[in-house]
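# Notes for the structure review
In case you want the letters, here they are:
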Amino acid sequence: MTEKLLISLTVNGRRHDDLVIESRYTLVDVLRHHVGLTGTHVGCEHGVCGACTVLLDGAPVRACLIFAAQAEGREIRTVESLSHGGELNDLQRAFSACHGLQCGFCTPGFLMLAEGFLAERPDATREEIREVVSSNLCRCTGYQSIVDAIEQCARGRREAQGEAR
Amino acid sequence: MSWVGRSAARREDPRLLSGSGRYVDDIHLPGTLHAQFVRSTVAHGAVTGVDLSATLAVPGVVAAFTADDLELGDITAVLDRPPSEFVPTAMPVLARDRVRYVGEPIAIVLADNPYAVEDGVEAARVTYEADRPVVSAEQALAPGAPLLHAAAPANTLVDVSMFATEGIDAVFAGAHEVVRVRANTARQNALPLETRGAVTSWDPREEQLVVHTCTQVPHLVRTSLAECLGLDERTVRVIVPDMGGGFGLKCVVGREEIAAAAAALRLRRPVKWIEDRRDALTASFLAREQHYDVRAAFDRDGRILALDADIVCDMGAYSCYPFTAGIEPLMASAELPGVYRVPAYRVRARAVATNKAPSAPYRGVSRPQIVMVMERLMERAARELDLDPVEVRRRNLIVEFPYTGVNDVTYDPGSYLESLNWCERLLRDEGWYERREAAAAEGRYVGIGYSCFSERTGYGSTAFAKRKMAVVPGFDLAEARMDLSGTVTVTTGTMSHGQSHETTLAQIVADRLGLDIAQVKIHQGDTDRIPYGFGTFASRSATIGGSAVARAASALGARLLRLAAHLLDTTDDNVELHDGSVRRRDDHGRAVSYRELADVAYLKAHLLPKDAEPGLTASASFDVHGDGTFSNAAHGVVVELHPGTGQVEILRYVCVEDCGVAINPQVVEGQCRGGIAQGIAGALFEQVTYDAQGEPACASFIDYKMPTAHEIPDIEIHHLETPCAFTESGAKGAGEGGTIGAPAAVLNAVNNALLPTGVELDDTPIRPETVQRAIGACP
């Protein structure tokens, strides 16, 4: 059980080759405590709350339900990848503009959920967004402002796309 | 333009959105040991043996301690009341010879990593001599019930009869109508998404135990820690990082944070304890399990004549610090009449001990229940008297202010009637009454329900003293400091855990000093930076904390004015603050910037007036001498009951709220919506259950149904503004109202939908099977 493994993870485009872990360590624990990216949070450790949501090869997953060793060779993206040079991206700005966060603990999970979802469904309706938002738990906001934020971001991206065409 | 009243972007957001927030589990000190607890597996009994030898043999485990190993004082919360009204009960940091609930901590295990510590906990062997558990208030009060605490006969920790109007029985005997509500509300978990936790270490240089912990009440944790560990307060520093919610659960002192600190002190190594979700659901603090039997007398016109209440609160195994097991019964007793003119009132309220995890405050404390009970009484009276339920409320609402009620509480001005009228108009104008009739004609169950209530906020020391707590929270302190750059840091004794204080308090300060909020930094949650503070609970931060902060900013402004007047060769009354500088009133061209003033105050003290101190700091305090201030709101809800599933679908939710001056309207709406979501959760979903042996049945999010975006609807919010006369900003508190008003409105809507069936429901949560039974969809 406590035998050590040496693994390598690719997180936010950067390779971490020197991770000495036990096979039972979850991805979220290794991201937080070994890779040193504490933006991903642990809310329940049984796959319900979604606070630990990260993107694995572009798809949202619960990082508490995956062993770190299972993520070798895959592209992992965490909340730390969203902003660039201290500038928040459009999704993060929409969360702020819509007051889509209060305590902020669940927020990284919702951001990564939305990032993965919008990449797949850029034309999502409000109802579809609400359905996806219901994957994760938030105790502060009552969800409406999270739905607003994702909708606003999607609209903005569609408009930008329209202008680009 | 003033900052107060503006939906300014939150100062907190950039770090929280980019993963740069620092919550307690994000703090990792070199050499940290990870702690978890061996917890009781029986609900009630004697501990006959604790064997930690296998634990200590687990690879990675460094130490394990029981109560006998650590010299720890007990956590004892006290009310200054006679023994007939209150029995103090000590909560040991680690259980000694007895355990009183499943999950009670017995030993602390410390290991090199968080996985090894779980192995260590699993290897511990505890033996018990089990007693018969007491798992309900009914069992607790039954003759011959086993006693949890020898000092508390009938398992009763609090038994108070705060009001008994003379002649009330005659009023009931002669009344045209007497209605009765018997209601039970389920045990709930406040459930912040971040569980509890602490990182504690000994700092030999400062000779201090440094405790990073996610608490709403840092100074109270320091006081309790110092007491339990026999330390001077100076040698304990409590620092609160970013907090992932609290909702009251984190405004009491936790046994685990004290045990972790004791272990750090003993081992001289940093100790981290992060509660896991199972412990958070089963062994943390719970709330809300109450039983009401209330009668109300009405005249033929629907005016309430008298109110008679018997309230039993199931508080679990221990009193929480500092509030005690009195938190729920005392609140319920003091506030039950609410927004209505009740001429005669009698109440008995009890707190009983049961073999369940202890209770702490949870957002709204008893008011979700008392509002529900009052609003059910209004609805029931309307039904019996064949009157419109909104009209019955109108006839009883307090409309002249200030109003001193039968509960010896003076209500400051509010907009009770206006909010209710607006709420009703919204639903009428949208055609919901016609839609309800049309639905009924099709055999569907659509109902409309309201609640109308006020929420006392800004409890000062006078109001808390009335509750007779030995620890009387009330005032708060603030310190404002200007640095050489002309920017301001303000330290407050309140502690935001999601409420946006870094923004809203900065808005208050920015207005007082003519600064941009970007030039104001609010600092909170560090016991070394301010002498004392009571933290954040009971919607006190905007009112009390905000007023202290405003006064500190004004005091700093006064220093700036005096210094500037000296430098500008004029009198104090001929200068004013303007946009980052002080200018002469008679000659706006002659001004001195904050930077220049700071330069003199710190680096050119020889230029200061003779009587002036160097530096630019100012401090202030604020307390409320009186009964506080009352925010108010009305909620209107339309529901449809689905016979197939028993589901209660919320078709429409409107709220008209009045929290005085809204410092940041977007933040106020966020508080409302989040609060309403928690209220809906209590009305329809959440229930902590135990089996007959006192084993908790809700150990995961699968068993405890916290609602998602699927269950919580969009909520429309409108604002009225009755400014508070005595807070510095005119704000009243806004933290709890949503949670308080929602259960009553939802329950009334469900009952309205059930009208054709003749069934009335008064218990929450309303279970799908209850709905199905009520509409005859299942036997």
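As the structure is a prediction and not an experimental result, all values here were calculated from the model.

Right, let's talk about the domain arrangement of chain B for a bit. Residues and elements named next belong to chain B. When its domains are assigned, chain B resolves into domain 1 (12–131 + 193–245 + 250–283), domain 2 (290–461 + 626–776) and domain 3 (475–623). Spacing between the C-alpha centres of domain 2 and domain 3 amounts to 40 Å. Buried surface at the junction of domain 2 and domain 3, both sides included, amounts to about 1,500 Å², of which 58% is carbon and sulfur. Contact with domain 3 buries surface across domain 2, with Ile663, Val667 and Glu728 losing the most and accounting together for 37% of the total. Counting the contacts that link domain 2 with domain 3 gives 2 salt bridges. Residue arginine 512 is joined to glutamate 728 by a salt bridge in which the shortest nitrogen-to-oxygen separation is 3.1 Å. Run the count over domain 2 and domain 3 and you get 9 residue pairs in polar contact (both at pLDDT 80 or more). Taken together, the elements giving at least two residues each to the side of domain 2 that touches domain 3 come down to β20 (445–457) and α18 (665–684). For the side of domain 2 that touches domain 3, the per-class residue count stands at 7 nonpolar, 11 polar and 4 charged.

Next up on the list: the pattern of salt bridges. Scanning the model with the defined rule gives 76 salt bridges over all chains in all. A salt bridge links B:Lys272 to B:Asp25; the shortest N-O distance between them is 3.1 Å. Residue B:Lys272 is located in strand β14 (residues 271–274), and its partner B:Asp25 is located in the loop between α1 (13–17) and β1 (33–39); the two are separated by 247 residues in the primary sequence. As far as the burial class goes, B:Lys272 and B:Asp25 line up, both buried. In this structure, the salt-bridge partner of B:Lys466 is B:Asp627, at a minimum N-O distance of 3.0 Å. Of the two residues, B:Lys466 sits in helix α14 (residues 461–467) while B:Asp627 sits in the loop between β27 (617–622) and β28 (629–642), which places them 161 residues apart along the sequence. Since its relative accessible area comes to 38%, B:Lys466 is described here as partly exposed. Several salt bridges share partner residues, and in doing so they unite A:Arg126, A:Arg130, A:Asp148, A:Glu151 and B:Asp714 into one network.

Right, let's get into the packing of helix α4 (residues 126–133) of chain A against helix α5 (residues 144–164) of chain A. All names here are of chain A. Contact pair α4 / α5: the axes reach a minimum separation of 10 Å and the direction vectors enclose 125°. On the basis of their axis angle, the class for α4 and α5 is oblique. Here α4 runs over α5; the crossing is right-handed. Across the interface between the two elements, Arg126, Ile129, Arg130 and Val133 of α4 pack against Gln144, Ile146, Val147, Asp148, Ile150 and Glu151 of α5. Here the residues of the contact of α4 with α5 sort into 5 nonpolar, 1 polar and 4 charged.

Along the chain, B:Tyr321 connects to B:Pro322 via a cis peptide bond; the corresponding omega equals 5°. Within the secondary structure, B:Pro322 sits in the loop between β16 (304–314) and α9 (327–335). For the peptide bond that leads from B:Phe401 to B:Pro402, omega is -10°, which places it in the cis range. Phi angles above zero are rare outside glycine, and A:Asn12 is one such case at about 50°. By secondary structure assignment, the location of A:Asn12 is in the loop between β1 (4–11) and β2 (14–22). Residue B:Leu191 is not a glycine yet carries a positive backbone phi of 60°. Its location among the elements puts B:Leu191 in the loop between β10 (177–185) and β11 (197–203). Since its relative accessible area comes to 1%, B:Leu191 is described here as buried.

What follows deals with the interface of chain B and chain A. With 52 residues of chain B at the contact, the number on the chain A side is 48 residues. In total, chain B and chain A occlude about 4,100 Å² of area from one another, counting both sides; carbon and sulfur atoms represent 55% of this. It is B:Leu17, B:Tyr115 and B:Leu193 that lose the most area in chain B upon contact with chain A, and together they represent 20% of the buried surface on that side. One can count 6 salt bridges joining chain B with chain A. Measuring nitrogen to oxygen at the nearest pair gives 3.0 Å for the salt bridge that ties A:Arg126 to B:Asp714. There are 29 residue pairs in polar contact (both at pLDDT 80 or more) connecting chain B and chain A. Counting residues per element, the ones that place at least two in the side of chain B that touches chain A are α1, α3 (114–123) and α18 of chain B. A total of 9 residues in the side of chain B that touches chain A trace back to one element, the largest contributor, which is α18(B). For the side of chain B that touches chain A, a count of residues per class yields 23 nonpolar, 17 polar and 12 charged.

On to the sheet that holds β20(B). All names here are of chain B. Reading across from one edge, β20-β28-β29-β30 is the order of the 4 strands in this open sheet, with mixed pairing throughout. Across the chains shown, the open sheet's two edge strands, defined by having one partner strand only, are β20 and β30 (716–720). Between one strand and the next, the sheet's axes are offset by a mean angle of 20°, whatever the strand orientation. Judged from the 5 bridges that link them, strand β29 (residues 647–658) and β30 form a sheet pairing that is parallel. In the strand pairing of β30, cysteine 655 is matched with isoleucine 717.

Residues and elements named next belong to chain A. Domain parsing of chain A yields domain 1 (4–81) and domain 2 (90–164). When each unit is reduced to the centre of its C-alpha atoms, the spacing between domain 1 and domain 2 is 22 Å. Counting residues at the interface gives 18 residues for domain 1, matched by 14 residues for domain 2. Counting each side, the surface lost to burial between domain 1 and domain 2 is near 1,200 Å², with a carbon and sulfur contribution of 64%. Here domain 1 and domain 2 share 0 salt bridges between them. Summed over the shared surface of domain 1 and domain 2, the number is 5 residue pairs in polar contact (both at pLDDT 80 or more). Secondary-structure elements contributing two or more residues to the side of domain 1 that touches domain 2 are β3 (53–56) and β4 (59–62). When residues in the side of domain 1 that touches domain 2 are grouped by element, the largest group, 3 residues, is from β3.

The rules behind each value
- Residues numbered from 1 in each chain as written.
- Chains lettered and ligands numbered in written order.
- Predicted model: local features only at pLDDT ≥ 70, side-chain atom pairs only at ≥ 80, totals over all residues.
- Heavy atoms only, no water.
- Domains from an automatic or database assignment.
- Buried area = accessible area lost by both parts, 1.4 Å probe.
- Salt bridge = Lys/Arg side-chain N within 4 Å of Asp/Glu carboxyl O.
- Polar contact = N/O pair within 3.5 Å; in protein donor to acceptor, adjacent residues only side chain to side chain.
- Helix = DSSP H or I, 4+ residues; strand = E, 2+ residues; numbered from the N terminus.
- Nonpolar A, V, L, I, M, F, W, Y, C, P; charged D, E, K, R; others polar.
- Buried < 20%, exposed > 50% of the residue type's maximum accessible area, 1.4 Å probe, protein only.
- Axes fitted to C-alpha atoms, helices over the stretch in contact; angles between N-to-C directions.
- Parallel < 35°, antiparallel > 145°, perpendicular 65-115°, else oblique.
- Left-handed = near helix turned anticlockwise from the far one by under 90°.
- Contact = heavy atoms within 4.5 Å.
- Pairing = 2+ DSSP bridges.

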